[in-house]
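Descriptive analysis of the structure
So you can see what is in the structure, the chains are spelled out below.
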Amino acid sequence: MNLTELNKIAQAMVASDKGLLAADESTGTIKRRFDTIKLESTEDARRDYREMLFRAEGLSKYISGVILYDETLRQKAKDGTRLAEVLSKQGILPGIKVDAGAMDLPGSPKEKITEGLDGLPKRIAEYAQLGAKFAKWRAVIDIDTDIPTAYCIHTNAHALARYARICQEGGIVPIVEPEVLMDGAHDIDRCAEVTEETLHAVFNELHLQGVALEGMILKPNMIIAGKKSAKQAGVQDVADRTVISLKRCVPSAVPGIMFLSGGQSEKDATAHLNAMNKQGPLPWKLSYSYGRALQDSALKTWAGKAENVAAAQKRLIERSQLNSAACAAKYTGEAA
Ligand code: 13P
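Bear in mind that the values here come from a model prediction, so they are computed numbers and not experimental data. (Residues numbered from 1 in each chain as written. Predicted model: local features only at pLDDT ≥ 70, side-chain atom pairs only at ≥ 80, totals over all residues. Heavy atoms only, no water.)

Comments concerning the overall build of the protein chain
- In terms of helices and strands, the protein chain carries twelve helices and ten strands.
- A compact globule built from 336 residues should have a C-alpha radius of gyration of about 20 Å, and the protein chain, at 19 Å, falls within 12% of that.
- With respect to the three principal axes, the spread of C-alpha positions in the protein chain is 50 × 50 × 40 Å.
- Here the protein chain, with 336 residues, has 54% of them falling under the buried criterion.
- A sequence separation of at least 24 residues applies to 80% of the contacts in the protein chain between residues at least 6 apart.
- Looking at the protein chain as shown, the accessible area adds up to about 14,000 Å², and 50% of this sits on carbon and sulfur atoms.
- One finds the centroid of the 44 positive side-chain charges in the protein chain at a distance of 4 Å from the centroid of its 43 negative side-chain charges. (Helix = DSSP H or I, 4+ residues; strand = E, 2+ residues; numbered from the N terminus. Rg over C-alpha atoms; globule rule 2.2 N^0.38 Å. Buried < 20%, exposed > 50% of the residue type's maximum accessible area, 1.4 Å probe, protein only. Contact = heavy atoms within 4.5 Å. Areas by Shrake-Rupley, 256 points an atom, 1.4 Å probe, with all protein chains shown as cover. Lys, Arg positive; Asp, Glu negative; His and termini not counted. Charge placed at Lys NZ, Arg CZ, Asp CG, Glu CD.)

This is how it looks when you write it as structure tokens:
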């Protein structure tokens, strides 16, 4: 592997207070998002939506890279330019989701294992040819009274490390995403406990499998109470707890930690990131790799109509700018 090159890409992903736009919703997920605006999810509708996002003027000031789904990496804009090229022409790095999704974990019906390792080296070589500079693999760890099991954490950690090593051998920077879900009724302490356990397992596997930490990005959840918990933590608490857990588990050789938003509101996701960066200097860059927390307002504003494109692009730029400010600990809040 060429570690200098991998490190250069990883550094570029977190440079200049920039973050990632996660636009890699699978066909099933984007359909659910389009359902909220009552739009049928056709190939053209998906193209129009993503082209709208990628052509937002000034996006590259705040966004260093975009995570794409396989269909989008191969798709052409209306004028025939490949969508990946629309991004690279503005200096935005195209990335690719390479996992095949979270499937039922054999023998543990409430849990998931992420699949997609079969044939991955070949797919990575093709994605590199198509211009992808980085990849993403998401493992899902759910919390309930009797889960996660050690079995679920360790099989997912093992697969994440296998994926990461394959990426690095193919010249692509892996985003390692172990997502502890915030869907449950658990409190913030339980989230911290499970997240730390998961991160220890993941970094142990990365080490065992020879993944170069300087050539990867970590995409974790924040330490936050479950959505159904009656005990919601405040912004400062989430920020403090997240930084404490990350310091315990993430070696400083990792160039950047780029959070998922996981179902937080747009404002919460920005406020949490800002409060964490206020605690700097930290051992790694802390930035964003948001899907919903960058797209929610833009999607609603667009509503599938060509006449709303400019207004929707404005929403995306606003959110990106605010999150970029949060990377510099300069977010000053916004009207309710
Ligand atoms: P959210 O920010 O909507 O959680 O999406 C980020 C992502 O890529 C999840 O895999």
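Let's pick the thread back up.
Describing the packing of aromatic side chains
- Summed over the entire model, instances satisfying the criterion amount to five aromatic pairs.
- With centroids separated by 5.8 Å and ring planes inclined at 40°, the aromatic side chains of Tyr288 and Tyr290 adopt a geometry described as tilted. Of the two residues, Tyr288 and Tyr290, neither departs from the other in class, the shared state being buried.
- An aromatic cluster is defined as three or more aromatic residues linked by ring pairs; in this entry it consists of Phe34, Tyr49 and Trp302. (Phe/Tyr/Trp six-rings, centres within 6.5 Å; stacked < 30°, edge-to-face > 60°.)

Regarding the pairing of strand β2 (residues 63-68)
- With six of six residues buried, β2 lies mostly within the body of the structure.
- As paired strands, strand β1 (residues 19-23) and β2 are joined by five bridges and run parallel to one another. Looking at β2, one finds that Leu20 is bridged to Gly65. (Pairing = 2+ DSSP bridges.)

Topic: the site of the ligand
- Surveying the vicinity of the ligand reveals 13 residues, the closest of which are Lys136, Lys219, Ser261, Gly262 and Arg292.
- Contact between the ligand and Glu177: an oxygen atom at 2.9 Å from a side-chain N or O atom of the residue.
- At a separation of 2.5 Å, an oxygen atom of the ligand approaches a polar side-chain atom of Ser261.
- Burial of the ligand by the surrounding chains reaches 92%, relative to a free accessible area of 300 Å².
- Contributions of two or more residues to the shell around the ligand are made by β6 (134-141) and β10 (285-290).
- The class makeup of the residues in the shell around the ligand is three nonpolar, four polar and six charged. (Near = heavy atom within 4 Å. Polar contact = N/O pair within 3.5 Å; in protein donor to acceptor, adjacent residues only side chain to side chain. Nonpolar A, V, L, I, M, F, W, Y, C, P; charged D, E, K, R; others polar.)

Comments concerning helix α3 (residues 43-54)
- The end-to-end C-alpha distance of α3, which contains twelve residues, comes to 16 Å, matching closely the 16 Å that a straight helix rising 1.5 Å per residue would cover.
- Residues of α3 that are buried: Ala45, Arg46, Arg47, Tyr49, Arg50, Glu51, Met52, Leu53 and Phe54. (Expected span 1.5 Å × (residues − 1).)

Comments concerning the sheet that holds β6
- Ordered by their spatial adjacency, eight strands build a closed barrel running β1-β2-β3-β6-β7-β8-β9-β10, and the pairing between neighbours is parallel.
- Here eight bridges tie β6 to strand β7 (residues 173-180), and the two strands are oriented parallel to one another. When the sheet's bridge partners are listed, Arg138 is paired in β7 with Glu177.
- Most of the contacts of helix α12 (residues 309-327) go to β10, to which it runs at about 160°, and overall it touches β1, β2 and β10. (Axes fitted to C-alpha atoms, helices over the stretch in contact; angles between N-to-C directions.)

Here we look at the pattern of salt bridges
- On inspection of all chains with the given rule, the structure shows 27 salt bridges.
- The salt bridge involving Asp24 is made with Lys97; its shortest N-O contact spans 3.3 Å. Highlighted residues: Asp24 in the loop between β1 and α2 (27-35) and Lys97 in strand β3 (residues 93-97), separated in sequence by 73 residues. Assigned by exposure class, Asp24 and Lys97 land together as buried.
- With its nearest N and O atoms 2.9 Å apart, the salt bridge here joins Arg241 to Asp189. Of the two residues, Arg241 sits in helix α9 (residues 235-249) while Asp189 sits in helix α8 (residues 188-208), which places them 52 residues apart along the sequence.
- Take Arg241: its relative accessible area is 23%, and that puts it in the partly exposed class.
- Salt bridges sharing partners connect three or more residues here, namely Asp24, Lys97, Lys136 and Glu177. (Salt bridge = Lys/Arg side-chain N within 4 Å of Asp/Glu carboxyl O.)

Focus: the nonpolar core
- Core analysis: the largest hydrophobic core is formed by 110 residues, its most contacted members being Phe54, Tyr163, Leu206, Leu218 and Val250.
- For this core, the element with the highest residue contribution is helix α7 (residues 150-169), accounting for ten residues.
- Beyond its immediate stretch of four places on either side in the chain, Phe54 contacts Leu21, Ala23, Leu59, Val66, Leu68, Thr72, Leu83, Val86, Leu87 and Gln90. (Core = buried A, V, L, I, M, F, W, Y, C linked by side-chain atoms within 4.5 Å.)

Section: the confidence of the model for the protein chain
- For the protein chain, the mean per-residue pLDDT works out to 98, and 100% of the residues sit at or above 70.
- Least confident of the elements in the protein chain is strand β5 (residues 108-114), whose mean pLDDT is 97; most confident is strand β8 (residues 217-218), at 99. (pLDDT = per-residue confidence, 0-100.)

Regarding the state of the cysteines
- Within the structure shown, the criterion is met by zero disulfides.
- Lacking any disulfide linkage, Cys191 is separated from the closest cysteine sulfur, that of Cys249, by 12 Å. (Disulfide = S-S within 2.5 Å.)

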